[in-house]
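A closer look at the structure
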Amino acid sequence: MKKRRIAVIGLGNLGRSCAEALLADPALALAGVVRRSPAPLDWLGDIPVVGHVAELNEVDAALLCVPPDRVLGMANELLQRRLPVVECARLHGDAFLAHKAEMQRVARLRKTPAVVGAGCDPGILSLFRNQFALLIPHGHTRSSLHVGTSLHHSLAAEGIEGVGKALATELKAQDGRLQRYVYVELEPGADAAAVEQAIRQDPLYLDEETLVFPVESVATLEETNRGLVLERHAAASDAGHAALLLEARFNETELAARMMLAAARALPQLQAGAYSLDDLPARVLWGEQGASAEREWM
C-alpha cells in the first residue's frame, strides 16, 4: 500500500517532532516541510524544505504546526486547495467551539475534512477528561500539570529579532494568576532588554503576565518532561464514592505530534467538515491498523 504523503507546516519544536515522527511512521510519509526560511536541513536528508506548500509534490494532507493566530488563515488557504488539515490550536471551552465552528464552515465549503484540537491539550488529555466524566458523571475533575514546553508560544518568541531559540512555559502564581515564563537563547550581540520588551509587546503574550529570562542553552531546559496528575472524584452525594486517577509523565511536544499523526491517519475515512477528537472513534485514529488494534485492545 502506498504511503500517504503528509506536509508539515512550521518547523518549531512541534513541527520538528511531527517531521521526525513521520520519518519513522510505517503508514505515512513526510512529503516536505514548509517554513519561513526554506533551506535544506541535514537531518531531513533529501526531504524538501520550501516556502509554500504549492512547491511540494503529491501532498495528501498537512499538519499545521504554527501559532494559534495563524491557524485559521493557513487552514483556509490549504482547504481552498482541497488539502485536508490537522491542527492543534491551544483553545478551550467557548473559544474552542467558536474556532471549530469556523473551521467547519470553511471545510464544508471546500468539501474537505479537517481535524481540530488534535494535540496534547486540547487533544489526548481532553479525551481522558471526557472519559473520566463519562464514567463519573456527577463529580469534579482536578488536574495538576507541571510546567513543560509550550507548543506554540515558543515558536512565536523565536520570531522576535535577537532570539535564537526560545522555550515558553506556564505556571500558576500563589494567588492563582497564570504567568508565562519565556526562556530565550539570545543571538550574538542581541540586546536582552530590547528582546524582553519586544516579547512582552507581542499580541500573543498580552493576555497573561510574561516573564522573560535569557539563558545559555534552551536545549538543556527542553530535556525536562511534563508531569500530570488527573483526578475525577464522585460528588459527595454519590454513595459509591468512585474515583479515577491518571498519573503520567511525558514529553508534551512528542505526545502532540503522535496525536496529530493519528488524526492524519483518520482523514481518508472522514467526510467534509471539521472534527474534534471527540467526534472520532479510536478505530479510525489507527487508520489501516484499526482492525488489529481492536483485536488487541478490546
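You'll find the protein entered in an unreviewed UniProt entry as Diaminopimelate dehydrogenase, with Azotobacter chroococcum given as the organism.

A few words on the nonpolar core. Counting 46 residues, the largest nonpolar core has Val8, Leu63, Val86 and Val115 as its most contacted members. Broken down by element, the residue count for this core peaks at nine residues, all from helix α8 (residues 252-266). Discounting residues that sit within four places of it in the chain, Val115 has contacts with Val85, Val86, Glu87, Ala263, Leu267, Leu270, Tyr275, Leu277 and Leu280. Ranked by size, the runner-up nonpolar core spans 26 residues in total, among them Val50, Val85, Ala89 and Val116.

Glancing now at the pairing of strand β10 (residues 209-214). Where strand β9 (residues 178-186) lies against β10, six bridges are found, and the strand directions are parallel. Looking at the pairing, Gln179 lines up with Glu209 of β10. Read as a crossover between parallel neighbours, the route from β9 over helix α6 (residues 192-201) to β10 is right-handed.

Our focus in this paragraph is the packing of helix α1 (residues 13-24) against α8. Between α1 and α8, the least distance of the axes is 8 Å, while the angle of their chain directions is 55°. Between α1 and α8, the angle falls in the class oblique. The element α1 and its partner α8 pack so that their crossing is right-handed. Touching Asn13, Leu14, Ser17, Cys18, Ala21 and Leu22 of α1 are Thr253, Glu254, Ala256, Ala257, Met260 and Leu261, all from α8.

To continue, consider the packing of aromatic side chains. For the structure shown, the criterion picks out two aromatic pairs. On the basis of an interplanar angle of 40° and a centroid distance of 5.4 Å, the ring pair of Tyr181 and Phe213 is categorised as tilted. With Tyr181 in strand β9 and Phe213 in strand β10, this residue pair connects regions lying 32 residues apart in the sequence. Judged by relative accessible area, Tyr181 falls into the buried class, the value being 17%.

So, how was this worked out
Every chain's residues receive numbers from 1 upward, in the order its sequence appears when written. Totals for whole chains, interfaces and linings use every residue, but because this is a predicted model, local features are given only for residues with pLDDT of at least 70 and side-chain atom pairs only at 80 or more, for both listing and counting. Side-chain descriptors were evaluated using all non-hydrogen atoms of the structure, hydrogens and water having been removed beforehand. Only buried residues count toward a nonpolar core. Its members are Ala, Val, Leu, Ile, Met, Phe, Trp, Tyr and Cys residues joined through side-chain atoms within 4.5 Å. When a residue's accessible area, from a 1.4 Å probe over protein chains only, is under 20% of the maximum for its type it is buried; when over 50% it is exposed; and in between it is partly exposed. Helix and strand assignments come from DSSP, with helices taken as H or I runs of at least 4 residues and strands as E runs of at least 2, each series counted from the N terminus. The contact criterion used is simple: two residues touch if any of their non-hydrogen atoms lie within 4.5 Å. Note on pairing: two strands pair once DSSP finds at least 2 bridges between them. The handedness rule is simple: strands pointing away from the viewer, and a clockwise path from the first strand over the helix to the second, make the crossover right-handed. A fitted line through C-alpha atoms represents every axis, and for helices the fit uses only the stretch in contact; the resulting angles, taken between N-to-C directions, go from 0 to 180 degrees. An angle below 35 degrees is read as roughly parallel, one above 145 as roughly antiparallel, one from 65 to 115 as roughly perpendicular, and any other as oblique. We call a crossing left-handed when the near helix sits turned anticlockwise from the far one by less than a right angle, and right-handed when that turn is clockwise. Put simply, two rings from Phe, Tyr or Trp (the six-membered ring, in Trp's case) pair if the centres are within 6.5 Å, and we call them stacked under 30 degrees between planes, edge-to-face over 60, tilted for the rest.

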